[in-house]
Amino acid sequence: MDRPGNEFARPPGFDWQGFGYLTSIVSVFLLGAIAWPKPGDPGWHLPLLIAGMTTSVLGMAFRYLAHLKQARQVKDAKDSKARARSP
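Quick look at the structure, then. (Residues numbered from 1 in each chain as written. Predicted model: local features only at pLDDT ≥ 70, side-chain atom pairs only at ≥ 80, totals over all residues. Heavy atoms only, no water.)

## Let's talk about the overall build of the chain
What counts here: What counts as a helix is a DSSP run of H or I of at least four residues, what counts as a strand is a run of E of at least two, and both are numbered from the N terminus. Classification of residues uses two cut-offs on accessible area relative to the type maximum, computed with a 1.4 Å probe and protein chains only: under 20% is buried, over 50% is exposed, and between them is partly exposed.
Summing up its helical and strand segments, the chain has two helices and zero strands in all. Expressed as a percentage of its 87 residues, the buried residues of the chain come to 10%.

Quick look at the structure:
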């Protein structure tokens, strides 16, 4: 739906959503560094921490890929609509 006022200003070339995911990935590693098992901790802590950090980063990567795919689909739809309007 292309109605006036539906668009919002975004600086071209900067992906705020990507920056948000990158920030979240950095926070996963910072929190993982603090939670790293100490010598007296049970042996299962380390594999579980690594698995949790890995799945968190993968989840953010998958969401970002879905964001890119959706942005591409929106751009393609707008391009197709513009081509259909041109004589």
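So, next bit.
## Overview of helix α1 (residues 16–35)
Just so we agree on the cut-off: Here, expected helix span is obtained from the residue count minus one, scaled by 1.5 Å. Picture the helix axis, draw a direction to every C-beta atom, and the arc is the one those directions span.
For α1, which comprises 20 residues, the first-to-last C-alpha distance of 28 Å matches the rise-based estimate of 28 Å (1.5 Å per residue) to within 8%. Within α1 the residues assigned to the buried category are G18, Y21, V28 and G32. Taken down its axis, α1 places every buried residue within 70 degrees of arc, on the same side. Across α1 from its buried face, at more than 90 degrees, point the exposed residues W16, L30, L31, A33 and I34.

## Comments concerning the pattern of salt bridges
The criterion, for reference: By definition here, a salt bridge exists when the distance from a side-chain nitrogen of Lys or Arg to a carboxyl oxygen of Asp or Glu is within 4 Å.
Counted by the stated rule, this structure contains one salt bridge. A salt bridge links K75 to D79; the nearest nitrogen and oxygen atoms lie 2.9 Å apart. On the criterion of helical spacing, the pair formed by K75 and D79 is a turn pair, its members being four residues apart in helix α2 (residues 45–85).

## Topic: the nonpolar core
Counted only if it meets this: Take the buried residues of types Ala, Val, Leu, Ile, Met, Phe, Trp, Tyr and Cys, join any two whose side-chain atoms come within 4.5 Å, and each joined set is a nonpolar core. Contact definition: two residues touch when any of their heavy atoms are within 4.5 Å.
Y21, V28, L49, M53 and M60 form the largest nonpolar core, which has five residues in total. Elements that contribute at least two residues to this core include exactly α1 and α2. In terms of residue count, α2 provides more of this core than any other element does, three residues in total. Contacts of M60, omitting those with residues within four sequence positions, involve Y21, S24, I25 and V28.

## A word on α2
Over its 41 residues, α2 runs 60 Å from end to end, which matches the ideal 60 Å to within 8%, given 1.5 Å per residue. The inward-facing, buried residues of α2 contact α1.

## A short note on a nonpolar patch on the surface
Basically, it comes down to this: Each patch is built from residues that are more than 30% exposed by relative accessible area and take part in no salt bridge. Like charges join if they lie within 9 Å; nonpolar side chains (Val, Leu, Ile, Met, Phe, Trp, Tyr) join within 5 Å. Residue exposure ignores everything except the shown protein chains as possible cover, and the areas themselves are Shrake-Rupley values with a 1.4 Å probe.
Nonpolar side chains collect at one region of the surface, where F14, W16, F19, L22, V26 and L30 lie side by side and expose about 630 Å² of accessible area between them. In this structure, F14 sits in the segment before α1. Using a relative accessible area of 37% as the deciding quantity, one classes F14 as partly exposed.

## Here's the deal with the packing of aromatic side chains
For the record, the criterion: In summary, the pairing rule links any two rings of Phe, Tyr or Trp, Trp by its six-membered ring, whose centres are within 6.5 Å, and it sorts them by plane angle into stacked for under 30 degrees, edge-to-face for over 60 and tilted for everything else.
Considering all chains together, one arrives at four aromatic pairs under this definition. Ring centres of F14 and W16 lie 4.6 Å apart, and the angle between their planes is 70 degrees; this geometry places the pair in the edge-to-face category. By relative accessible area, W16 is classed as exposed at 53%. Through a chain of ring-to-ring contacts, three or more aromatic side chains come together here, namely F14, W16 and F19.

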